[in-house]
Amino acid sequence: TECVSGCMCPDGLVLDGSGGCIHKDQCPCVHGGHFYKPGESIKVDCNTCTCNKRQWNCTDNPCKGTCTVYGNGHYMSFDGEKFDFLGDCDYILAQDFCPNNMDAGTFRIVIQNNACGKSLSICSLKITLIFEVCLELVITEELLLEGRIQEIATDPGAEKNYKVDLRGGYIVIETNQGMNFMWDQKTTVVVHVAPSFQGKVCGLCGDFDGRSRNDFTTRGQSVEMSIQEFGNSWKITSTCSNINMTDLCADQPFKSVLGQKHCSIIKSNIFEACHSKVNPIPYYESCISDFCGCDSVGDCECFCTSVAAYSRSCSRAGVCIDWRTPAICPVFCDYYN
């Protein structure tokens, strides 16, 4: 029904999909369910696309990679692969000390999820960042635990190749090489890497080579079909036990129904502008699962984390949603500012 010829329009003209007749060279382009006139441009990631004769002509700039971990073991890799993985060990989230990196490694991020409560939901998080400074094999560590930063330097006099900052509710660490790390001091971690890291990283976040089908590459360089086996391969030590994924809502029908009610905000008209660009269903399902994992039903942080994760994905797709209210997951910006 978009820009097609037929018996409704005179020769040389086509239907525009809205009941009018236009010349073929005036046909719009479509992105995310929206129509754009010839000559109009949109931003897609770090590239600009311009509509021309029903087709998008896009720049081909290499974009930075983003990996996100949130809630009860929900991951989105650098190449956009979504999966769930729970573990009670230390795991390599991302690093460039990898076989496919011919350059010297510069960073390693180790994440530890501590499960607690009756439902074994994630309730505390420890992250260790290890940096190599100036190729002198000087190792420093940033231990992020319960909102505190503990710095351990093997050579206190060495020049740092990173800086630590507090921005709003986030702890932000930036390296000179182009790796940025963000932590909301709860259960959400976001890792950004510059385009120069393409194909040079490995870990739970994947290898950032533009292909998602090989994201489950284990530490032994084999592609694993089982997410659990893939995740366990990135353990720092093999002595800690594995955790099997369970349905947190299976024996909690009341919480499941309550979770569906709260999490429906993701599928509501509040996020309607984003639905055509970012599929809300995986985030909605993760939200319900995390809601069932909350030990307290009241001000459920698990719920807020899941909705915020969808909101961040919408922002990256160019849709900014103002969804927080005094009653729904408020953030006191005046305090942080």
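See the structure shown above.
Residues numbered from 1 in each chain as written. Predicted model: local features only at pLDDT ≥ 70, side-chain atom pairs only at ≥ 80, totals over all residues. Heavy atoms only, no water.

Draft legend 1. Representation of the state of the cysteines within the structure. Throughout the structure, instances matching the rule amount to nine disulfides. Paired by a disulfide, Cys29 and Cys51 hold their sulfur atoms 2.2 Å apart. Here Cys29 and Cys51 share a disulfide; its torsion about the S-S bond, 85°, makes the bridge right-handed. Remark: Cys51 occurs in strand 6 (residues 47–52) and Cys29 occurs in strand 3 (residues 29–31); sequence separation between them is 22 residues. Take Cys51: its relative accessible area is 3%, and that puts it in the buried class. At a sulfur-sulfur separation of 2.0 Å, the disulfide partner of Cys67 is Cys205. Classification of the bridge connecting Cys67 and Cys205 rests on its S-S torsion, roughly -75°, and on that basis the disulfide is left-handed. Remark: Cys205 occurs in the loop between strand 19 (189–193) and helix 1 (227–232) and Cys67 occurs in strand 8 (residues 65–70); sequence separation between them is 138 residues. Each member of the pair, Cys67 together with Cys205, is buried. (Disulfide = S-S within 2.5 Å. Helix = DSSP H or I, 4+ residues; strand = E, 2+ residues; numbered from the N terminus. Buried < 20%, exposed > 50% of the residue type's maximum accessible area, 1.4 Å probe, protein only.)

Draft legend 2. Spatial organisation of helix 4 (residues 281–293). Helix length check: helix 4, at 13 residues, gives a terminal C-alpha distance of 18 Å against a target of 18 Å (1.5 Å per residue), a fit within 8%. Listing the buried residues of helix 4 in full gives Tyr283, Tyr284, Ser286, Cys287, Ile288, Asp290, Phe291, Cys292 and Gly293. (Expected span 1.5 Å × (residues − 1).)

Draft legend 3. Seen up close, the pairing of strand 7 (residues 55–58). Examined bridge by bridge, strand 6 and strand 7 share four bridges and lie antiparallel to one another. Bridge pairing in strand 7 links Cys51 to Trp56. Between strand 6 and strand 7, which pair antiparallel one after the other, the connecting turn spans two residues, and Lys53 there sits at a positive phi close to 50°. (Pairing = 2+ DSSP bridges.)

Draft legend 4. Inspection of the environment of Pro99 at higher detail. With respect to the helices and strands, Pro99 occurs in the loop between strand 11 (90–95) and strand 12 (107–116). Separated by 101 residues in the primary sequence, Pro99 and Lys200 have C-alpha atoms spaced 8.2 Å apart.

Draft legend 5. Representation of the sheet that holds strand 7. Here three strands make up an open sheet; going across it, the order is 5-6-7 and the pairing antiparallel. Bordering the open sheet on either side are strand 5 (41–44) and strand 7, each of which pairs with just one other strand. Within this sheet the neighbouring strands show an average axis-to-axis angle of 35°, counted without direction. Looking at chain direction, strand 5 and strand 6 are connected through four bridges and run antiparallel. Paired with Ile42 across the bridge in strand 6 is Cys49. (Axes fitted to C-alpha atoms, helices over the stretch in contact; angles between N-to-C directions.)

Draft legend 6. Highlighting the packing of helix 2 (residues 253–263) against helix 4. Contact geometry for helix 2 and helix 4: axes closest at 8 Å, N-to-C directions at 135°. It follows from the interaxial angle that helix 2 and helix 4 lie oblique. Helix 4 is crossed by helix 2, and the crossing has right-handed handedness. On the side of helix 2, the interface is formed by Lys255, Ser256, Leu258, Gly259, Gln260, His262 and Cys263, while helix 4 contributes Tyr284, Cys287, Ile288, Phe291 and Cys292. Its residues placed into classes, the contact of helix 2 with helix 4 shows seven nonpolar, four polar and one charged. (Parallel < 35°, antiparallel > 145°, perpendicular 65-115°, else oblique. Left-handed = near helix turned anticlockwise from the far one by under 90°. Contact = heavy atoms within 4.5 Å. Nonpolar A, V, L, I, M, F, W, Y, C, P; charged D, E, K, R; others polar.)

Draft legend 7. Geometry of the sheet that holds strand 8. Strand order in the open sheet made by the seven strands is 10-9-8-19-18-17-16, with antiparallel pairing throughout. A single partner strand is all that each edge strand has here, and the edge strands are strand 10 (82–84) and strand 16 (162–167). Strand-to-strand twist of the sheet, defined as the mean angle between neighbouring strand axes without regard to direction, takes the value 15°. As paired elements, strand 17 (residues 170–175) and strand 18 (residues 179–183) share four bridges and run antiparallel to each other. Considered in strand 18, the bridge of Ile171 is made with Trp183.

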